[in-house]
2 protein chains.
Amino acid sequence: MSNPQLAILFFLQFSAILLTCRLVGLIVKRFGQPQVVGEMIAGVCLGPSLLGLLLPAVQSSLFPKFLRDAGEVVVIGTTKVPHPLMSVIYCIAQVGLVLYMFCVGLEFDTKLLRTRFRSALSVSIAGIAAPFALGALIAYFHRDDASLFAPGVSLTEEILFLGAAMSITAFPMLARIIYERGLSGTSIGTLALAAGSSDDAAAWCILAIVLASFSHDWNIAAMAIGGGVLYAVFTLTCIRWLIAKLAAKLSPGGAWSVYLLPFTMILLMVAAWWTDYCGIYAVFGAFILGIAMPRGAIAEELKSKIEPLTTNLLLPMFFVYSGLNTQLSLIGAGGLWGVTIIILLASIAAKGLACFAAAKLHGEPTREALAIGALMNARGLMELILLNIGLERGVITPALFSILVIMAVVTTLMATPIFELVYGRHARAAGRIGSAKAA
Amino acid sequence: MSNPQLAILFFLQFSAILLTCRLVGLIVKRFGQPQVVGEMIAGVCLGPSLLGLLLPAVQSSLFPKFLRDAGEVVVIGTTKVPHPLMSVIYCIAQVGLVLYMFCVGLEFDTKLLRTRFRSALSVSIAGIAAPFALGALIAYFHRDDASLFAPGVSLTEEILFLGAAMSITAFPMLARIIYERGLSGTSIGTLALAAGSSDDAAAWCILAIVLASFSHDWNIAAMAIGGGVLYAVFTLTCIRWLIAKLAAKLSPGGAWSVYLLPFTMILLMVAAWWTDYCGIYAVFGAFILGIAMPRGAIAEELKSKIEPLTTNLLLPMFFVYSGLNTQLSLIGAGGLWGVTIIILLASIAAKGLACFAAAKLHGEPTREALAIGALMNARGLMELILLNIGLERGVITPALFSILVIMAVVTTLMATPIFELVYGRHARAAGRIGSAKAA
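K.L.:
Just to check I follow, could you spell out the overall build of chain A for this structure?
P.N.:
Looking only at helices and strands, chain A has 18 helices and four strands in total. With the C-alpha coordinates of chain A rotated into their principal frame, the extents come out at 60 × 55 × 50 Å. Buried positions account for 59% of the 439 residues belonging to chain A. By sequence separation, contacts in chain A at least 24 residues apart represent 78% of the contacts at least 6 residues apart.

K.L.:
Got a minute to help me understand the interface of chain B and chain A in this structure?
P.N.:
As a measure of interface size, the accessible area lost when the parts come together is often cited. On the chain A side, the residues contacting the 47 residues of chain B number 47 residues. When residues of the side of chain B that touches chain A are traced back to their parent elements, those giving at least two are α1 (3–29), α5 (84–107), α12 (260–278) and α14 (297–324) of chain B. Among the elements that take part in the side of chain B that touches chain A, α1(B) stands out by supplying twelve residues, more than any other.

K.L.:
Looking at this model, I keep getting lost on the domain arrangement of chain A. Mind explaining?
P.N.:
All names here are of chain A. Taken as a whole, chain A is organised into domain 1 (3–84) and domain 2 (87–429). Look at where the C-alpha atoms of domain 1 and domain 2 centre, and you get two points 24 Å apart. With 23 residues of domain 1 at the interface, the matching set in domain 2 holds 26 residues. For the side of domain 1 that touches domain 2, the secondary-structure elements that each account for two or more residues are α1 (3–29) and α2 (35–46). Ranked by residue count, the leading element in the side of domain 1 that touches domain 2 is α2, at nine residues.

K.L.:
Help me out: how do you make sense of the packing of helix α10 (residues 187–214) of chain A against helix α11 (residues 219–250) of chain A in this one?
P.N.:
The geometry of a pair of packed helices is captured by two quantities: the angle between their axes and the separation between those axes. Residue and element names in this part refer to chain A. Between α10 and α11, the shortest axis-to-axis distance is 7 Å and the interhelical angle comes to 155 degrees. By the angle between their axes, α10 is roughly antiparallel relative to α11. Along its contact with α10, which presents Ala201, Trp204, Cys205, Ala208, Ile209, Leu211 and Ala212, the element α11 presents Ile220, Ala221, Ala224, Ile225 and Gly228. Within the contact of α10 with α11, the residues separate by chemical class into eleven nonpolar, one polar and no charged.

K.L.:
Got a minute to help me understand the relation of the copies chain B and chain A in this structure?
P.N.:
Superposing the two chain copies requires a rotation about an axis and a translation along that axis. Overlaying chain B with chain A gives an RMSD of 0.0 Å, the required rotation being 180 degrees about an axis along which the chain moves by 0.0 Å. Those values place the two copies in the arrangement expected of a two-fold rotation axis. Taken as a fraction of all interface residues of chain B, those also at the interface in chain A reach 100%, which identifies the copy contact as same-surface.

K.L.:
I'm lost on the confidence of the model for chain A in this one. Help?
P.N.:
When pLDDT drops low, the exact placement of atoms in the prediction is not to be read closely. All names here are of chain A. Looking at chain A, pLDDT values average 86 and 96% of them are 70 or higher. Within chain A, helix α17 (residues 380–392) has the poorest average pLDDT of any element, 74, and helix α12 (residues 260–278) the best, 95. ipTM for the predicted complex: 0.87, alongside a pTM of 0.88.

K.L.:
Honestly, the packing of helix α15 (residues 337–361) of chain A against helix α18 (residues 398–429) of chain A in this entry has me stumped. Any pointers?
P.N.:
Residue and element names in this part refer to chain A. For the pair α15 and α18, the least separation of the axes is 10 Å and the interaxial angle reads 40 degrees. The angle between α15 and α18 falls in the class oblique. Of the two elements, α15 crosses α18, and the hand of that crossing is right-handed. Mapping the contact onto sequence places Val339, Thr340, Ile343, Leu344, Ser347 and Ile348 in α15 and Ile403, Ile406, Met407, Val410 and Thr411 in α18. Partitioned by chemical class, the residues of the contact of α15 with α18 number eight nonpolar, three polar and no charged.

K.L.:
Please clarify how helix α13 (residues 282–292) of chain B should be interpreted in this entry.
P.N.:
Within an α-helix, residues lying three or four positions from one another point in the same direction, as the helix has 3.6 residues per turn. Within α13(B), eleven of the eleven residues are buried, which leaves it mostly tucked inside the rest of the structure. Considered for burial, the residues of α13(B) that qualify are B:Ala282, B:Val283, B:Phe284, B:Gly285, B:Ala286, B:Phe287, B:Ile288, B:Leu289, B:Gly290, B:Ile291 and B:Ala292.

K.L.:
Looking at this model, I keep getting lost on α14(B). Mind explaining?
P.N.:
Residue and element names in this part refer to chain B. Over its 28 residues, α14 extends 39 Å from the first C-alpha to the last, a length consistent with the 40 Å expected when each residue adds 1.5 Å. Thr311 marks the point of greatest bend in α14, at about 55 degrees. The buried count for α14 comes to 22 of 28 residues, which makes it a mostly enclosed element.

K.L.:
Where do I start with the environment of B:Gly196 in this structure?
P.N.:
All names here are of chain B. Looking at the element boundaries, Gly196 is found in helix α10 (residues 187–214). Residue classification places Gly196 among the buried residues on the basis of 31 C-beta atoms within 10 Å. For the pair Gly196 and Thr169, spaced 27 residues apart in sequence, the C-alpha to C-alpha distance is 5.9 Å. Once you skip the residues sitting within four places of it in the chain, Gly196 turns out to touch Thr169, Phe171, Leu174 and Met376.

Cut-off values and rules
- Residue numbers run consecutively from 1 along every chain, following the written order of its sequence.
- Whichever chain is written first is A, and whichever ligand is written first is 1; the rest continue in order.
- Given that the model is predicted, a residue must reach a pLDDT of at least 70 before its local features are reported, and side-chain atom pairs must reach 80 or more before they are shown or counted; all residues, however, enter totals for whole chains, interfaces and linings.
- By the criteria applied, helices consist of DSSP H or I runs no shorter than four residues and strands consist of E runs no shorter than two, each listed in order from the N terminus.
- Working definition of burial: number of other C-beta atoms within 10 Å of the residue's own, with buried at 20 or more, exposed at 12 or fewer, and partly exposed in between, all C-beta atoms being placed from the backbone.
- What counts as a contact is two residues whose backbone-derived C-beta atoms lie within 7 Å of each other.
- Residue ranges for the domains originate in an automatic or database domain assignment.
- Angles run from 0 to 180 degrees between N-to-C directions of axes, and those axes are lines fitted to C-alpha atoms, restricted for helices to the stretch in contact.
- Here is the rule for angles: anything less than 35 degrees is roughly parallel, anything more than 145 is roughly antiparallel, 65 through 115 is roughly perpendicular, and the remaining ranges are oblique.
- Residue polarity is assigned by list, with Asp, Glu, Lys and Arg as charged and Ala, Val, Leu, Ile, Met, Phe, Trp, Tyr, Cys and Pro as nonpolar; anything else, Gly included, falls into the polar class.
- Copy-to-copy alignment: least squares on C-alpha atoms, limited to residues at pLDDT 70 or above in both.
- Each residue gets a pLDDT score, which is the predictor's confidence in that residue and runs from 0 to 100.
- Here a crossing is called left-handed whenever its near helix is offset anticlockwise from the far helix by less than a right angle, and right-handed whenever the offset is clockwise.
- Multiply 1.5 Å by the residue count of a helix minus one, and that product is the helix's expected span.
- To get the bend at any residue, fit one axis to the seven residues that end at it and another to the seven that begin at it, then take the angle between the two axes.

Right, here's the structure in full:
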């Protein structure tokens, strides 16, 4: 199949994805869920779990998973060659995600963070430590359970992986819920974003340690942690200083104003490459670069030019991609409902309650603290990325994978309704936050 | 290579492409060339013709052409499996191109066209007929030349293919030069766009006839011509009427204003799929859809949200992709300099002079008519797409391919300087057109 032939199917996929996202988005809106949850569900609908179940032939010709030659799946060695369009969707999704997280960084209010720094730090630490401890405990008690962990995985690796899986926060999902609910730039939004981003970065570092231990290559962990720290420090000092120096020229009306967007795009792609290369992931790189940009005219200009196309065209690909790769029918096939419920309750309690308690202890009002607990609890699709890596590298079994998928979906679906119940409605009625955005 | 691993190389490619485009763009600007020519040259620089010549190992690891397994190129049957990232770049380039041509359609002034309709029609017909006739003549005299045409190609096919290759106009390139030179919405810009778009559509129809004849399947031609006409009529009547009906609600401040962009994106992807599927190509589909949108607030809103990210991030991929696939070293290898010069001169004379004469005959002032001749003469990368299809399907030899690549590059490089010389400077000094845009 030549590239022009591929493009025909690609545009058909793109049409189906955008259409399904909107339709499901309109439906879930009636149940108080944000558009982003609609996109996640749209992915599951278009994947093997729904379309594949109802119309398997349509699903596999619309979203072929593997490259075929005369009907046969192409195999190299023992691995099936993935269909190139799955790589296309993945890469476009990554571009959308990077642009989006950059905008989230642009909106991030570092001044507001300074006044709430201790709260943010406590929420962040509580949001990692409590679920990690419970995850470790569960892993310890199931250490010899072959239905959960693959053979050859050491106890340390089991503890680290389940701990990381339970302590992750869906940073892009969190960011989008905060945007859609009108929380951008508010103190609660800033607090949740700060805590969410550091939790996210910490979880990726733990994953890097697990993978390093698993492949006996400690460079993996050193690269992720060292490269990530180096990147954050360099970007928030040198790059921030450089752009601040050039800000007058790059601002609208300045001599170099036409170069602002192309120059930023180059920086952003380099940042995405480096953080992906280190294993700390492009999501983090883009967010930090957004924080490093000067506030005011430049941030506004960039946001107004990047955000519309990103949220309406590119970003939906990210939320759909993971759904396309999720096979919900695996769930329950192992008969592991007991451990599923334990992991689910432990995740919710540890993350939600710990974050609530940490925020409350640092003087946040009860409703605000509850709202932070509700938001931090969403695992979203970052969880799915981590799980896919764990499954692919043979750390966990398909059964544990499915259990953790349930956990990710349930915690994500819970987030917005609980947030609205404990905080959103009251705050909106009192005029403390903006109105919820329709799209 | 899993998708997350692919993404690392992808972001590196993306960084290299955007950086090279800007650097080359700044250099060619000193020679009076627009940014888009810089992007085309950037592609050639990153491809086998320059980077591949100087640092072959770097080129092939930065832009691998084929999928490899343990160092060996993967072969299915007799075809080498292309590297998935070439498909990724191609598809992103297509998305950029579609968004861009949609914006060109949004700016297209149908009212202005009506006053100049006869000029536009004459320029369009002259711009097809004259180069087609000369191309046919050259093909006729070289009908038995095995160095130009592959064996088994009939005389009719030879005539049609060379005719189409010589009569094509680089519609996206033309559109971008018109934008960069400040000609959008002027009478000369509108005239050139109208003539360019119909020439482009006609050339693709001729190509469809060649391919139909070559594969003895007349459905190919019927689909391209019938599907294209059906699409244009349906879009410019039903879709146009529907959106005009909803315009008040979709406009900024209207009840459905948040749905304007997502709704348009779905329409655009469906239009791209259908026109690609028919073989008339997505470029044409996107342009027609842009024309069908209501002018005024809606067109402004869409343009301001789509254009910045498209021209600065996605569209450069299109101009670079073709360069990545061009092997300039093939040129001259056949010792066919004589026929090269004939084809080059015939293309320039037939297209440039015929369009000039047609415009002049319909009462356009001499400078305007010369400017139209200069702009219509650019073959740009549409030519390369057509040539790649011809080469891939075995209609032409690599030698004729290389000759036509020279022709495309020379006619494209000529366009802007000649335009500036005969018209741009004078018109700009007299305040009839806006200033040239830096980016």
